Structures are given as C-alpha cells and as structure tokens.
Amino acid sequence: MGDTTLDPIINPIWYRISRKGSDFRFDCSLDGDEFTQMRVFHLHGDLTHARVGVYACSPGDSSFHVRFTEIQAGPCVWQD
C-alpha cells in the first residue's frame with residue numbers, strides 16, 4: 001500500500017487505532033485484514049477519560065462524500 005492516492009470510485013477503507021499508555025498507533029487497510037502503520041504519536045496530559053470520534057476532510061478546494069458505517073472497540077492489537 002505504498003501509494004496513498006485513493007481511487008475516486010467508492011472503496012471501503014478500514015482504520016484502526018491502538019493505545020499503549022500515552023502512545024497511540026494509527027493504521028489503515030484497504031481490505032480489512034492487512035493493516036499498514038500510518039502514524040505513531042504520543043499524547044501528553046491526563047488520558048484517564050480520553051474521547052475519540054471520527055472526522056473526514058479534504059485538502060485544498062476539493063470535496064467528497066464520506067460515510068462511516070461501523071465503529072468497534074476491542075483489545076489492543078499493537079504488538080511489542
């Protein structure tokens with residue numbers, strides 16, 4: 001998944017976020033099975049009650065329609 005350009009035809013994309021303490025890993029997949037790491041980041045402060053949500057945007061003056069169809073919560077899959 002080296003090319004991050006998306007085909008304008010509607011295709012599902014899976015996103016996954018994993019957390020280890022204050023460290024987070026964000027992954028994506030085009031098939032829901034094989035995930036590729038997009039970013040690892042650290043959040044400072046009290047994360048006892050961290051809130052998450054979904055958001056979509058487009059760069060520049062482009063526009064698009066997006067539909068989120070499912071959100072799941074489960075155990076961390078980020079391996080050591």
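Coordinates for the structure precede this section.
The rules we used
- Residues numbered from 1 in each chain as written.
- Predicted model: local features only at pLDDT ≥ 70, side-chain atom pairs only at ≥ 80, totals over all residues.
- Heavy atoms only, no water.
- Helix = DSSP H or I, 4+ residues; strand = E, 2+ residues; numbered from the N terminus.
- Buried < 20%, exposed > 50% of the residue type's maximum accessible area, 1.4 Å probe, protein only.
- Areas by Shrake-Rupley, 256 points an atom, 1.4 Å probe, with all protein chains shown as cover.
- Pairing = 2+ DSSP bridges.
- Axes fitted to C-alpha atoms, helices over the stretch in contact; angles between N-to-C directions.
- Salt bridge = Lys/Arg side-chain N within 4 Å of Asp/Glu carboxyl O.
- Phe/Tyr/Trp six-rings, centres within 6.5 Å; stacked < 30°, edge-to-face > 60°.
- Lys NZ or Arg CZ within 6 Å of the ring centre and 35° of its normal.

Chemist: Could you give an account of the overall build of the chain, with specific residues and numbers?
Modeler: A tally of helices and strands in the chain yields zero helices and three strands. Counting from the amino terminus, the chain carries its helices and strands in the arrangement β-β-β. Counting over 80 residues, the chain shows a buried share of 10%. Just so you have it, the chain exposes about 7,500 Å², and 52% of that area is on carbon and sulfur atoms.

Chemist: Could you give an account of the sheet that holds strand β2 (residues 23-29), with specific residues and numbers?
Modeler: If you trace the three strands from one edge of the open sheet to the other, you get β1-β2-β3, paired in antiparallel fashion. In this open sheet, the two edge strands, each paired with only one partner strand, are β1 (14-20) and β3 (36-42). Averaged over all pairs of adjacent strands, the angle between strand axes in this sheet comes to 20°, irrespective of strand direction. Relative to β2, β1 is paired through seven bridges, and the arrangement is antiparallel. Residue Arg16 lies in a different strand from β2, and its bridge partner there is Asp27.

Chemist: Would you mind going over the pattern of salt bridges in detail, with residue names and values included?
Modeler: A complete count under the given rule lists two salt bridges for this structure. Measuring nitrogen to oxygen at the nearest pair gives 3.2 Å for the salt bridge that ties Arg16 to Asp27. Of this pair, Arg16 sits in strand β1 while Asp27 sits in strand β2, placing them eleven residues apart in sequence. Its salt-bridge partner being Asp27, residue Arg25 comes within 2.7 Å of it at the nearest N-O pair. When its relative accessible area of 2% is taken as the criterion, Asp27 is described as buried.

Chemist: Quick one: what's the story with the packing of aromatic side chains, residue by residue and with numbers?
Modeler: Enumeration according to the criterion identifies two aromatic pairs in this entry. For the pair Tyr15 and Phe26, a centre-to-centre distance of 5.6 Å together with 20° between the ring planes defines the contact as stacked. One end of the pair, Tyr15, is in strand β1; the other, Phe26, is in strand β2, with eleven residues separating them in the sequence. Judged by centre distance (5.4 Å) and plane angle (10°), the rings of Phe24 and Phe41 are stacked. With Phe24 in strand β2 and Phe41 in strand β3, this pair connects stretches of sequence that are 17 residues apart. When the ring centre of Trp78 is taken as origin, the NZ or CZ atom of Lys20, which lies over that ring, is 5.2 Å away.

Function-wise, these values are silent; they only describe arrangement.
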